[in-house]
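Structure assessment
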Amino acid sequence: MRTSLRALAATAAALLAVTALSPAAQARPEPEAPEEFVALRSVDPTIIQEMRYTTAHTFLGERVEGYRQPVCILTRPAARALHLAQKRLLRQGYSLKVYDCYRPQRAVDHFVRWAKDLDDQSMKGEFYPRVDKDRLFQDGYIAEKSGHSRGSTVDLTLVRLPAPPTRPYRPGERLTPCFAPKGERFPDNSVDMGTGYDCFDTLSHTDDPRIQGVQRANRQFLKRTLTEVGFANLPEEWWHFTFRPEPFPDTYFDFPVHRRPVAGH
């Protein structure tokens, strides 16, 4: 009898242990954002935010993993530098508009998985019409690490004020190449930069000699304005700028894009 009771007690204890280790209990807590990270809106609420990766209007054709709310998060020095640039631009009748800011590592991993799936080319007609998908790594359009994950890199453009609204993307709509004339490609309230955002094409190189006239002037205006407040442009992407010196030059963060990780910062 005693042996049977001990066996029952052991079984009950084992069941309690399994219950205690439920998936919810075993789930790892989300990584937290260091105090040096802030929501851009808390530093400058006038900068326009069009956080593309929270929508389906991406080169993946879907919302990107890790982007839970359309909020721009940056390190405090980068956000303050954008605020300084914005003050100068507003006096000239322009505003900055950000497309992407801090990017969690899980989002970069999503990019990598997508790039390896050669069968998924649903957005090729807009974002990479002239690039074979099997060359995205080799040509440098996709990488396993991104400076965005360090928190001081931002993708952005210029908007002439007053800013007209940009209509939402409708999944399944006809795609137009990102390097088509501005009036033909997907509507964007930014000034004409010669290509759309995230255009996988050499025409996106900031100083590509084929980009001339007003388009070239707009790119140089954006580059000059941000360089003056401490940002460096990535030559292959007219929209990509990194604040220097970076507070976290060697750390790639993975907390989600959400207001909660930076609440109160």
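The following refers to the structure shown. Computed from a prediction, not measured in an experiment: that's the story for all the values here.

Topic: the pairing of strand 7 (residues 240-243)
The two faces of a sheet get side chains in turn, since along a regular strand they alternate between them. Side chains of strand 7 alternate between two faces, with His240 and Thr242 and Phe241 and Phe243 buried alike. Examined bridge by bridge, strand 5 (residues 153-160) and strand 7 share three bridges and lie antiparallel to one another. By the bridge assignment for strand 7, valine 154 is matched with phenylalanine 241. Relative to strand 7, strand 6 (residues 231-233) runs antiparallel, the two being bridged by three bridges.

Notes on empty space enclosed by the protein
This structure, assessed with the given rule, holds one cavity of 30 Å³ or more. Here the largest cavity defines a volume of roughly 160 Å³. Around the largest cavity sit 20 residues that line it, and Arg185, Phe186, Asp188, Gly196 and Tyr197 are the ones nearest its centre. Class assignment for the residues of the lining of the largest cavity results in 10 nonpolar, five polar and five charged.

What about the packing of aromatic side chains?
Applying the stated rule across the entire model yields 23 aromatic pairs. Between phenylalanine 231 and phenylalanine 243 the ring centres are 5.5 Å apart and the planes differ by 70°, which places this aromatic pair in the edge-to-face class. With phenylalanine 231 in strand 6 and phenylalanine 243 in strand 7, this pair connects stretches of sequence that are 12 residues apart. Accessibility assignment for this pair places phenylalanine 231 and phenylalanine 243 in one class, buried. These aromatic residues form a ring-pair network of at least three members: Tyr53, Phe59, Tyr67, Tyr99, Phe111, Trp114, Tyr128, Tyr141, Tyr197, Phe200, Trp238 and Trp239. One cation-aromatic arrangement involves arginine 130 over phenylalanine 179; the distance from NZ or CZ to the ring centre is 3.9 Å. Between arginine 160 and the ring centre of tyrosine 94, over which it is positioned, the NZ or CZ distance is 4.5 Å.

Here we look at the sheet that holds strand 4 (residues 94-100)
Ordered in space as 2-4-5-7-6, the five strands form an open sheet in which the pairing is mixed. The two strands at the open ends of the sheet, each matched to only one other strand, are strand 2 (48-49) and strand 6.

Some points on the state of the cysteines
Evaluated as defined, the whole model comprises two disulfides. A disulfide bridge connects cysteine 72 with cysteine 101, and the sulfur atoms are separated by 2.0 Å. Between cysteine 72 and cysteine 101, the disulfide has an S-S torsion of -105° and is therefore left-handed. Of this pair, cysteine 72 sits in the loop between strand 2 and strand 3 (73-75) while cysteine 101 sits in the loop between strand 4 and helix 5 (105-116), and the two are 29 residues apart along the sequence. Disulfide pairing is shown between cysteine 178 and cysteine 199; the S-S distance is 2.0 Å. Handedness of the cysteine 178-cysteine 199 disulfide follows from its S-S torsion of about 60°: it is right-handed. Within this pair, whereas cysteine 178 is found in the loop between strand 5 and helix 7 (213-227), its partner cysteine 199 is found in the loop between strand 5 and helix 7, the two being separated by 21 residues in sequence. As far as burial versus exposure is concerned, cysteine 178 and cysteine 199 are alike and both buried. Taken in sequence order, the bonded cysteines of the protein chain link in the pattern 1-2, 3-4.

The rules we used
- Residues numbered from 1 in each chain as written.
- Predicted model: local features only at pLDDT ≥ 70, side-chain atom pairs only at ≥ 80, totals over all residues.
- Heavy atoms only, no water.
- Buried < 20%, exposed > 50% of the residue type's maximum accessible area, 1.4 Å probe, protein only.
- Helix = DSSP H or I, 4+ residues; strand = E, 2+ residues; numbered from the N terminus.
- Pairing = 2+ DSSP bridges.
- 1 Å grid on protein atoms, 1.4 Å probe; cavity = no way out; pocket = protein on both sides within 12 Å on 5 of 7 lines; lining within 4 Å.
- Points joined across faces, edges and corners; volume = space filled by probe spheres on them.
- Nonpolar A, V, L, I, M, F, W, Y, C, P; charged D, E, K, R; others polar.
- Phe/Tyr/Trp six-rings, centres within 6.5 Å; stacked < 30°, edge-to-face > 60°.
- Lys NZ or Arg CZ within 6 Å of the ring centre and 35° of its normal.
- Disulfide = S-S within 2.5 Å.

Nothing here speaks to function; it is geometry throughout.
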